[in-house]
Amino acid sequence: HIWFYSRNITDTSPALAEGSCNMASYLILRKQKTLEAEFLIKGLFASKDKIYGAGFRKVQKLADRRGIQGWLEYAQKNKRI
């Protein structure tokens, strides 16, 4: 959320904003080799929530295709995922 607000991005769709925040969490969690991190990552991918779960999976696919920098550039220029 701080990343969005520090760039004065306040009109982003909830799916893009929350999906991006969950993506940032995922990037940190995947570097940790703990059962808790593994549990949380599984939860991100399994969540049925339209904003937090589906939003994350859409952002994650975007980052897979475009890379981290491409995802961040997309988030700055677009309101929806």
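Read on for an overview of the structure.

What counts as what
- Residues numbered from 1 in each chain as written.
- Predicted model: local features only at pLDDT ≥ 70, side-chain atom pairs only at ≥ 80, totals over all residues.
- Heavy atoms only, no water.
- Helix = DSSP H or I, 4+ residues; strand = E, 2+ residues; numbered from the N terminus.
- Rg over C-alpha atoms; globule rule 2.2 N^0.38 Å.
- Buried < 20%, exposed > 50% of the residue type's maximum accessible area, 1.4 Å probe, protein only.
- Contact = heavy atoms within 4.5 Å.
- Areas by Shrake-Rupley, 256 points an atom, 1.4 Å probe, with all protein chains shown as cover.
- Lys, Arg positive; Asp, Glu negative; His and termini not counted.
- Charge placed at Lys NZ, Arg CZ, Asp CG, Glu CD.
- Expected span 1.5 Å × (residues − 1).
- Bend = angle between axes of the 7 residues up to and from the residue.
- Phe/Tyr/Trp six-rings, centres within 6.5 Å; stacked < 30°, edge-to-face > 60°.

1. As for the overall build of the protein
From N to C terminus, the protein includes four helices and zero strands. Along the chain direction, N to C, the helices and strands of the protein fall in the order α-α-α-α. Computed over the C-alpha atoms, the radius of gyration of the protein is 12 Å, within 12% of the 12 Å expected from 2.2 N^0.38 for a compact globule of 81 residues. Counting only C-alpha atoms and orienting by the principal axes, one finds that the protein spans roughly 35 × 25 × 25 Å. A burial count over the protein gives 37% of its 81 residues as buried. Sequence separation of 24 or more characterises 56% of the internal contacts of the protein that already satisfy a separation of 6 or more. A total accessible area of about 5600 Å² is found for the protein, and carbon and sulfur atoms account for 55% of it. In the protein, 15 side chains carry a positive charge and 7 a negative one; their mean positions are 6 Å apart.

2. Side note on helix α4 (residues 53-77)
When the terminal C-alpha atoms of α4 are compared, their 22 Å separation across 25 residues is substantially less than the 36 Å that a helix rising 1.5 Å per residue should span. Of all the bends in α4, the greatest, near 120°, is centred on Gly 67. Buried residues of α4: Gly 53, Gly 55, Phe 56, Val 59, Gln 60, Leu 62, Ala 63, Gly 70, Trp 71, Tyr 74 and Ala 75, and no others. Among the structural elements, α1 (2-6), α2 (14-29) and α3 (35-46) are those in contact with the buried residues of α4.

3. Remarks on the packing of aromatic side chains
We describe a pair of aromatic rings using the distance from one ring centre to the other and the angle between the two ring planes. One pass over the structure, following the stated rule, counts four aromatic pairs. The interplanar angle of 90° and the centroid separation of 5.2 Å between the aromatic rings of Trp 3 and Phe 4 together place this pair among those described as edge-to-face. Owing to a relative accessible area of 6%, Phe 4 belongs among the buried residues under this scheme. Pairing Tyr 26 with Phe 45 gives two aromatic rings, centres 5.6 Å apart and planes at 85°, and the pair type is edge-to-face. Placement of the pair is Tyr 26 in helix α2 and Phe 45 in helix α3, with a sequence separation of 19 residues. According to the relative accessible area criterion, Tyr 26 is buried, its value standing at 13%. With a relative accessible area of 34%, Phe 45 lands in the partly exposed category. An aromatic cluster is built from Tyr 26, Phe 45 and Phe 56, whose rings are joined through pairwise contacts.

Honestly, that's just the spatial picture; any functional story needs more than this.
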